[in-house]
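Below are the chains, spelled out letter by letter.
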Amino acid sequence: MAIGPLDPELVRRLPKVSLHDHLDGSVRPSTLLELAEARGYEELPTSDPGALGEWFRRGADRGSLALYLEGFRHTIALLQDAAALERVAFEYAEDLAADGVVYAEVRFAPHFHTAGGLGLDAVLDAVMRGLRRGEEQFGLVARVLVCALRNEPAEQSHRLSELATAWMGRGVCGFDLAGEEAGHPPKHHNDAFQLIKRRNGSLTIHAGESFGKESIWQALQICGAHRIGHGTHLIDDIAVYDGKVIKVGSLAAYVLDHRIPIECCLQSNVHTGAVPSLEDHPFPYFLREGYRVTLNTDNRLMSHTTMTDEFRVAVETFGCTLADLERVTVNAMNAAFFPYAERHRIIDERIEPAYRALHAELGG
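Quick summary incoming for the structure in this document. (Residues numbered from 1 in each chain as written. Predicted model: local features only at pLDDT ≥ 70, side-chain atom pairs only at ≥ 80, totals over all residues. Heavy atoms only, no water.)

The interhelical angle for the contact between helix α7 (residues 120-138) and helix α8 (residues 154-166), taken along N-to-C directions, is 50°, at an axis separation of 11 Å. The orientation of α7 relative to α8 falls into the category oblique. In this structure, the crossing between α7 and α8 has a hand that is right-handed. In contact with L120, D121 and L124 of α7, α8 contributes R159, L160 and L163. In terms of residue class, the contact of α7 with α8 is made up of four nonpolar, no polar and two charged. (Axes fitted to C-alpha atoms, helices over the stretch in contact; angles between N-to-C directions. Helix = DSSP H or I, 4+ residues; strand = E, 2+ residues; numbered from the N terminus. Parallel < 35°, antiparallel > 145°, perpendicular 65-115°, else oblique. Left-handed = near helix turned anticlockwise from the far one by under 90°. Contact = heavy atoms within 4.5 Å. Nonpolar A, V, L, I, M, F, W, Y, C, P; charged D, E, K, R; others polar.)

Shown next, in the form of structure tokens:
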């Protein structure tokens, strides 16, 4: 059943699952301004929240991942104490709940937030306090992915993997590797990944965003990723002619056959230059061919987006139906780094009943 493109309230009401969202890329502009004023930070370009949000969006929308990441220096600079971290984590939960999100995994690099004197455990503790308050008040479930960076030493990523495993079961659900792909292959951080795997942890890796399908292959077959962040260049292993898939390479077949989840981020992929336009995004091919594809925001501040916006784009650009949106939501919940029984409880109690009610409301 097609959804009218001018019905954003219906799309907002849909239950959603967010797997790929960076905490320091999703801060409210108004919060940044208040934190800047309290700390005497004078590098923000404007004191108007709307103008500041637009400034971040313009800065991110330059067709380059390296340029996209420049704005993070401001958000990271303002998140250097426990009160600020707890606040943005709580507001993160509040904003996602208002957007219809029932389960979320938020990722960030804790070591970026130690310049003010906090230790790594104190950083995580502050974020967990904010998320727990948000869960209690707004009714969603939120977990953390500890994030390491490709361009940093392997010793740093190993230290962060130790942090992640120490916090498993206390709000941390997995480990991530992010950052510029070119020149920074994930195999350099394999000691960190092996520790996560030895501790029976979960692993996602940014791959195939700003580099080719080789990055995805290495993330899966050398590093052991359970999910792939972005994965847009998997389409390089799929031959499409006249809108139809005519040949699938061995890597793409492996991802499909082994049900490897793909964390798609439609609008940010345009902003970073991963794809030249929304119309060129491989998402509709992945969806149609049965890949375990999911929809995500990546960075709500930088890309000026929400889960509702990403769903709206999928409807308006690719003609997604209500059944398609339900499918990507169930895909995401099944792909979550969360206990099996709890995943299915959320599907059975929160996702499927809401979609059934909307199908009935729309007469089909």
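Now that the structure has been shown, we can carry on.
With that out of the way, let us pick up the packing of aromatic side chains. This structure, assessed with the given rule, holds six aromatic pairs. Taken together, a centroid distance of 5.1 Å and an interplanar angle of 80° make the contact between W55 and F56 edge-to-face. Note on W55: relative accessible area 29%, which makes it partly exposed. Take F56: its relative accessible area is 3%, and that puts it in the buried class. With a centroid separation of 5.5 Å and 55° between ring planes, the pair formed by F286 and Y291 is classed as tilted. Like Y291, F286 is buried. Here the basic side chain of R227 rests over the ring of F337, its NZ or CZ set 3.9 Å away from the ring centre. (Phe/Tyr/Trp six-rings, centres within 6.5 Å; stacked < 30°, edge-to-face > 60°. Buried < 20%, exposed > 50% of the residue type's maximum accessible area, 1.4 Å probe, protein only. Lys NZ or Arg CZ within 6 Å of the ring centre and 35° of its normal.)

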